[in-house]
Each structure stands twice: as structure tokens, then as C-alpha cells.
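Read off the chains here:
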Amino acid sequence: MTTEKEIIQIRRYFHKYPELSGCELNTAKFIESKLKEYKIPYKRIGKTGVLGIIKGVKPGKTVALRADMDALSVQEDNSVEYKSKNAGIMHSCGHDAHMAVVLGAAKLLSRNKAALNGNVKFIFQPSEETSAGAKSMVDGKVLENPKVDVILGVHVCPWIESGKIGLKYGAMMAAVDKLNIEFEGEIAHGAYPHLGKDALVAASAFINSVQTIISREVNPVDPAVITFGKIKGGDGYNIICENITLDGTVRSLNAKTRKLIKESILKKLKAVEIAYGVKSKVHYLAVGNALVNDKVITEKCRKAAKEFYGKENVVILEKPSMGGEDFPEYLEKVPGNFMYIGTSKNKATSYPWHHSNFNIDESALPKASQYLTFCVQKFLSE
């Protein structure tokens, strides 16, 4: 079997047997079996993380390639031979492809390790979807012994044409904060609202007031998002609501704006407590920082992409995404670059991430493996 066919076969295996965050046991075993087949030493990091390493014959730098492993709680609607066999679980974000691409690069590099001026690490990371995986791998010392000098990550992209690659200088993805707010009022009969404290009205007023943070407090040229996606509470249609719970997220690209939004949300929450006579409890969690690519590494990746893919197939992204990634956990320790692999060929391969019909043009994967191999060789030859 050619390496190209094997990469696609590997992707289909992962797609067929997806596993949720922290539960990637079968996935990890399969990765280890492939690394063993390629004669690449490996070790388990934590419960399901895997680290492979190729040590070149000649001393030099160390380049790391990272692939995330976990799937999502999505019931797949695709009618393909490799459709998920695990009910309610699907690789609808492309992590199956990321693992296949990095394993493909591992195989290609293992064939030529005698010519490598340095080392290559292959980081197979669990729990990206919960934003806990990258930190667990960093805490597991994957960037040490030998110390990683450069780290590269890839993600399939449904809005970039298959056969092209997308790169972004500087800020590429947003910092992510998660909000959980509990409002506590006093129950009363709906016919006698003056005898209660309405948590539902208070929560509604809070949601409306928070919307003005983006429109009136944040610089209009500084991207930021506040979204409340879940509200739960109430006991009956004719009962003054005693308890309401809100869940939401804040996205931002710079630290000052992130701080401003948090402080303003907390102030508005206090104001609502006073205005409506309710109590509140807030859990404000900083999930992850903004993904900011190293400009020097990005430029080197661009030059390599121009040489490998051709200038016409290199897409330079002008604007960042407000989506989140835990790849910044690595970038805060090591300079690196996160890139998009174009996988859109038709309508069937252009559904957005996390969609039940998400799929990719698999023909883009072998070339992505070859490109990563090319980048690694370039970095180690400097």
C-alpha cells in the first residue's frame, strides 16, 4: 500500500471509531501500533496522550508536530462507508484527519531519519475540545528532553479549497472564557408578583445590558464576542421564577479587551442584583488564550508552502477567527505556527466544523503530510 492510500485509510479508521475527550484509549493504541510499525519510539502521556520521537543521527534542533485526537458528541448524518460506528459520537471537527496527516509525516520522516540534523517529536493530544489536552501534554514534559525549538499544528478547513493551504500572521484565533451565572430570587404566585423577586426578569435584564459592552465599551475595530447560549430555570407558567442559570462564552483577541469585558460583566451583574433585589453567583473561567502565530516561523512556513504548493495555492488569511483552540498552550512555551489545510471540494466537503454532515476531501491529506515533512526538513537544515 502506498503512503498516500495509507494516510486516507488511517483517517477513515479514526472516523469510524471516534472517542470523546479523555476517552481516546482505542485511538491511542492505534497510534502506538503505527508508530511501532514505523519503528518510531513512543511513550504514553497521561491516560491517552501519545508522544513519538525520531532522533536524527546528527545533533540539531527539535521540531514538534501536534495532532489532536478527540471527537464530539454529534450523531453523524453522512452516508459513507466509514461512518461513525459509535452512536452519538463523531469526528465532526477533523481531528481524525489531523492524526492521519501527522502519522503520514511520521512515516515519511522515519524513512529518512539518517539525514535529519536534529529531532522530530509527534504530539498526539487528547481533549482539545474541552481545552484541557494541550496543558496536560505540556505538563507531561512533551516540550522537553530534548527541548522543542519549533512547533507546528494543522487543522482542516471547510472554506479553503482543497489543495491549498491557509496561513495567518499574528493573531489567528480568540481567547476563550466560559461563564456560568446563577440568579437567586424569591418565589411567588404569578398573580402577586410584588411578593417575590423575579430571577427570570433579572437574568433577562442582565443579558440585554451585557450586549452594550461590545457596542459601547469595546473599541469597534477590536473584535470581541459575548454569547449566552443556554438559559435554564423556572417552575411554572404562573409562578415567579426563583432560580435561573445562564451559560455563555466571551471571545477576544487581546488581553486588555479581555480584562475590560470581564470587569464590565461583573459590574453589570452587581447592578442587576441591586436593581432587582436578587442574588447572583458567577463562575468565570479562562478556558484558553488567543492563538498568536510567531511571525518568523509563519514566514518560513509561507516560503516553504510557496515552494511546495505553489504561490497560487497559498492563502494568506487577513482576519482572525473568533473560534478557539488550545494550541496556544504550546505557543506560550515555544515559537510555532498553526495552519489550515484546505479540504473543500464540493457541497459535501464544505459543511462547517461540528456539523453532523461534516466531511472532507481526503485527497488533500497526503499532500499535507508531505508538506509537514518538507517544513521539518527545512527547519532542521538551517
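What you are looking at is a predicted structure, and each value in this text was computed from that prediction instead of being measured.

1. Here we look at the overall build of the protein
Across its full length, the protein holds nine helices and 16 strands. Against the 2.2 N^0.38 benchmark of 21 Å for 382 residues, the protein shows a C-alpha radius of gyration of 24 Å, consistent with a compact globule. A buried classification covers 52% of the 382 residues belonging to the protein. Look at the contacts in the protein between residues 6 or more apart in sequence, and 79% of them connect residues 24 or more apart. When the accessible area of the protein is evaluated, it comes to approximately 17400 Å², of which 53% is carbon and sulfur surface. In the protein, 53 side chains carry a positive charge and 42 a negative one; their mean positions are 6 Å apart.

2. Let's talk about the packing of aromatic side chains
Given two aromatic rings, their pairing is described by the distance between the two centres and the angle made by the two planes. Summed over all chains, the structure comprises 15 aromatic pairs. For the pair Y13 and Y17, a centre-to-centre distance of 5.1 Å together with 50° between the ring planes defines the contact as tilted. Judged by its relative accessible area of 25%, Y13 falls in the partly exposed class. Accessibility expressed as a relative area gives 30% for Y17, which makes it partly exposed. On the numbers, 5.9 Å between centres and 40° between planes, the contact of Y340 with W353 is tilted. With Y340 in strand β16 (residues 336-344) and W353 in the loop between β16 and α9 (364-381), the pair connects residues that are 13 residues apart, well separated along the chain.

3. Some words on the sheet that holds strand β1 (residues 42-45)
Spatially, eight strands are ordered β1-β2-β4-β3-β5-β16-β6-β15 in an open sheet, and the strand pairing comes out mixed. Of all the strands in the sheet, the pair left with one neighbour each is β1 and β15 (314-316). On average, each strand axis in the sheet is inclined to that of its neighbour by 25°, with strand direction left out of account. Where helix α3 (residues 95-110) meets the sheet, its contacts fall on β2 (49-55), β3 (58-68), β4 (117-125), β5 (150-161) and β16, and the angle it forms with β3 comes to roughly 160°.

4. Section: the sheet that holds strand β12 (residues 243-252)
Pairing is antiparallel across the open sheet formed by four strands, whose spatial order is β10-β12-β8-β13. Bordering the open sheet on either side are β10 (224-233) and β13 (279-288), each of which pairs with just one other strand. Between one strand and the next, the sheet's axes are offset by a mean angle of 15°, whatever the strand orientation. The pairing of β10 with β12 spans nine bridges and is classified as antiparallel. If you follow T227 over to β12, its bridge partner there is T249. Running at roughly 170° to β10, helix α5 (residues 199-217) makes contact with β8 (175-184), β10 and β12 of the sheet. The strands touched by helix α6 (residues 255-276) within the sheet are β8, β10, β12 and β13, with β13 carrying the most contacts at an inclination of about 170°.

5. Focus on the nonpolar core
Residues I31, F122, F124, L152, M339, Y371 and L372 are the most contacted members of the largest nonpolar core, which totals 58 residues. In terms of residue count, the dominant contributor to this core is α9 (ten residues). Sequence-distant contacts of I31, defined by excluding residues within four places in its chain, comprise F14, V50, M69, M99, L103 and F124.

6. Considering the packing of α3 against α9
Between two packed helices, the angle of one axis relative to the other and the distance separating the axes together describe the packing. Following both chains from N to C, one finds α3 and α9 inclined at 50°, their axes separated by 8 Å at the closest point. Considering their axes alone, α3 and α9 lie oblique with respect to each other. At the point where α3 passes α9, the crossing takes the right-handed sense. Across from A97, A100, V101, V102, G104, A105, L108 and L109 in α3, the residues of α9 making contact are L365, A368, S369, Q370, L372, T373, V376 and Q377. For the contact of α3 with α9, a count of residues per class yields eleven nonpolar, five polar and no charged.

7. Quick word on the pairing of β8
When you tally the buried positions in β8, you get seven out of ten residues, the bulk of the element. The sheet contact formed by β8 and β13 spans nine bridges and is antiparallel. Bridge pairing links N180 to H283 in β13.

8. What about the environment of R66?
Residue placement: R66 occurs in strand β3. Expressed as a C-alpha distance, the spacing of R66 and L152, which sit 86 residues apart in the sequence, is 6.4 Å. Of the polar contacts made by the side chain of R66, one reaches the side chain of D326; its length is 2.7 Å.

9. Observations concerning helix α2 (residues 25-37)
In an α-helix, one turn spans 3.6 residues; hence positions three or four apart end up facing the same way. Counted at 1.5 Å a residue, the expected span for α2 with its 13 residues is 18 Å, and the 18 Å between its end C-alpha atoms agrees. All of the buried residues in α2 are T27, A28, F30, I31, E32, K34 and L35. Its buried side turned inward, α2 meets α1 (3-16), β1, β2, α3 and β4. Taken from the residues just after α2, K39 is the one with a positive phi, measuring 60°.

What counts and what doesn't
Along every chain, residues carry numbers that run from 1 in the direction the sequence is written. The predicted nature of this model means local features are confined to residues of pLDDT at least 70 and side-chain atom pairs, given and counted, to a pLDDT of 80 or more, with totals for whole chains, interfaces and linings taken over all residues. With hydrogens and water excluded, all non-hydrogen atoms of the structure serve as input to the side-chain values. Segments assigned H or I by DSSP are reported as helices when at least four residues long, segments assigned E as strands when at least two residues long, and all are numbered from the N terminus. The size measure is the radius of gyration over C-alpha atoms, and the globule rule it meets is 2.2 Å times the number of residues to the 0.38 power. A simple rule labels every residue: compare its accessible area, found with a 1.4 Å probe on the protein chains alone, to the largest value its type can have, and call it buried under 20%, exposed over 50%, or partly exposed in between. Only heavy atoms matter for contacts: two residues are in contact if any of them lie within 4.5 Å across the pair. For every accessible area listed, the method is Shrake-Rupley and the probe measures 1.4 Å; residues are considered covered only by the protein chains on display. Charged residues are defined here as Lys and Arg on the positive side and Asp and Glu on the negative side; His and the ends of the chain fall outside this count. To locate a charge, the coordinates of NZ of Lys, CZ of Arg, CG of Asp or CD of Glu are taken. Stacked, tilted and edge-to-face are the three classes assigned to paired rings of Phe, Tyr and Trp, where Trp is represented by its six-membered ring and a pair needs centres within 6.5 Å; plane angles under 30 degrees give stacked, over 60 edge-to-face, the rest tilted. Pairing between two strands is assigned when DSSP locates at least 2 bridges connecting them. Only the stretch in contact is used when fitting a helix axis, every axis being a line fitted to C-alpha atoms; angles between N-to-C directions are given from 0 to 180 degrees. Residues belong to one nonpolar core when they are buried, are Ala, Val, Leu, Ile, Met, Phe, Trp, Tyr or Cys, and are joined through side-chain atoms within 4.5 Å. For classification purposes, angles smaller than 35 degrees are called roughly parallel, those larger than 145 roughly antiparallel, those between 65 and 115 roughly perpendicular, and all remaining angles oblique. Should the near helix be turned anticlockwise from the far one by less than a right angle, the crossing is left-handed, and should it be turned clockwise, the crossing is right-handed. Three categories are distinguished: nonpolar for Ala, Val, Leu, Ile, Met, Phe, Trp, Tyr, Cys and Pro, charged for Asp, Glu, Lys and Arg, and polar for the others, with Gly belonging to the last. Two N or O atoms count as a polar contact when they lie within 3.5 Å, although within protein this holds only if one can serve as hydrogen donor and the other as acceptor, and sequence-adjacent residues are included solely when both atoms are side-chain atoms. Every helix has an expected span of 1.5 Å times one less than the residues it contains.

Spatial relationships are all this shows, so hold off on functional conclusions.
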